[in-house]
Amino acid sequence: MTCNSQTTEGWHGKLNLVYADRQNTTQLIYDRQQAPLKVQRPFYPEGQKVCHSVILHTAGGVVGGDRLSSNIHLEPHTHALITTAAASKIYRSNGLQARQNTQIQVDAGACLEWLPQETILFNGAIYQQDLRVELATGASFLGWEITRFGRSARGEKFDKGEWRSHTEIWQQGVPLWIDRQCLPASEEIFHSPHGLAGKPITGSLIWLGGAVSPEMVEKMRILGNGVNETGVSRLQHGLLCRYRGDSTSEVRNWFIDVWELLRVSFLNRANCIPRVWQV
């Protein structure tokens, strides 16, 4: 009897996307998909220059042994906004690690807005996500990640399992931002001030593509007033925002406000909320 490879080894999903400029229109010229990853047909709610794409995970959730790989390439002078159709669910592990690896290349004059919806780690999940971005001179990148540790709405804590998140952003062989996080789940770590401090949600937003003024940083800090725990730091070529709290809508709303400021200041565009967020 032949075993189903997805049952014994997990899904090995792959996604390969290439965007190119065609007569001042950003087009998805190449998409290679392997289940359970899939990309919807692109759409243009703010004109032809910015291509909105939505990534689907058709299996519904990620289990131990799953391997998901995405390669995304923006050719010169393109602009893409990529999000996900729903929150990513990382189920309790069967003892194997689930892993997602994303490789992004942004060429000269191109801009990628990488805005996935939140990741929900079920208690007992073992998960690692790796993101590496290569920026050409004159390229820009704005990305965020929002992670919920445990299904807190039903009283679940993340006290078993492990989460790792590795982000690297490079430009011409020079590291612009390296961020390596690890959370070995335990009751102590969940409540430790050096861990989650009892707060089940964390978030990071990174912008790289232009120097941010101290005045703009102060505006972003003011926008974060009254929000759980937030921080805004200037980087040499951009900025970093951090969140630790207990409300997905709170961190998302703050990140959207920051995103709007950055869009107006650097991209000369107003916010355009992806339609899948409004469902």
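Scroll up for the structure.
The following refers to the structure shown. (Residues numbered from 1 in each chain as written. Predicted model: local features only at pLDDT ≥ 70, side-chain atom pairs only at ≥ 80, totals over all residues. Heavy atoms only, no water.)

### Focus: the pairing of strand β2 (residues 25–34)
Right, so step 1: As paired elements, strand β1 (residues 12–22) and β2 share nine bridges and run antiparallel to each other. The residue bridging leucine 15 from the neighbouring strand is glutamine 33, located in β2.
Right, so step 2: The hairpin formed by β1 and β2 contains two residues between the paired strands, and glutamine 23 there has a positive phi angle of roughly 55 degrees. (Pairing = 2+ DSSP bridges. Helix = DSSP H or I, 4+ residues; strand = E, 2+ residues; numbered from the N terminus.)

### With respect to the packing of helix α3 (residues 214–223) against helix α4 (residues 248–267)
Right, so step 1: Between α3 and α4, the least distance of the axes is 9 Å, while the angle of their chain directions is 155 degrees. Overall, the two elements α3 and α4 adopt an arrangement that is roughly antiparallel. As for how α3 packs across α4, the hand of that crossing is right-handed. The residues of α4 that touch α3, namely those facing Met216, Lys219, Met220 and Leu223, are Trp254, Asp257, Val258, Leu261, Leu262, Ser265 and Phe266.
Right, so step 2: Here the residues of the contact of α3 with α4 are counted per class, giving eight nonpolar, one polar and two charged. (Axes fitted to C-alpha atoms, helices over the stretch in contact; angles between N-to-C directions. Parallel < 35°, antiparallel > 145°, perpendicular 65-115°, else oblique. Left-handed = near helix turned anticlockwise from the far one by under 90°. Contact = heavy atoms within 4.5 Å. Nonpolar A, V, L, I, M, F, W, Y, C, P; charged D, E, K, R; others polar.)

### Focus on the packing of aromatic side chains
Right, so step 1: With the rule as written, the count across this model stands at nine aromatic pairs.
Right, so step 2: Arranged with centres 5.1 Å apart and planes meeting at 85 degrees, the rings of phenylalanine 149 and tryptophan 163 form a pair that is edge-to-face. Taken together, the positions of phenylalanine 149 in strand β12 (residues 140–149) and tryptophan 163 in strand β13 (residues 162–171) put the pair 14 residues apart, joining distant regions of the chain.
Right, so step 3: Given a relative accessible area of 1%, phenylalanine 149 falls into the buried group.
Right, so step 4: For tryptophan 163, a relative accessible area of 3% puts it in the buried group.
Right, so step 5: Between tryptophan 207 and phenylalanine 266, the aromatic rings sit 5.1 Å apart at their centres with planes inclined by 35 degrees, giving tilted as the arrangement. With tryptophan 207 in strand β15 (residues 201–208) and phenylalanine 266 in helix α4, this residue pair connects regions lying 59 residues apart in the sequence. (Phe/Tyr/Trp six-rings, centres within 6.5 Å; stacked < 30°, edge-to-face > 60°. Buried < 20%, exposed > 50% of the residue type's maximum accessible area, 1.4 Å probe, protein only.)

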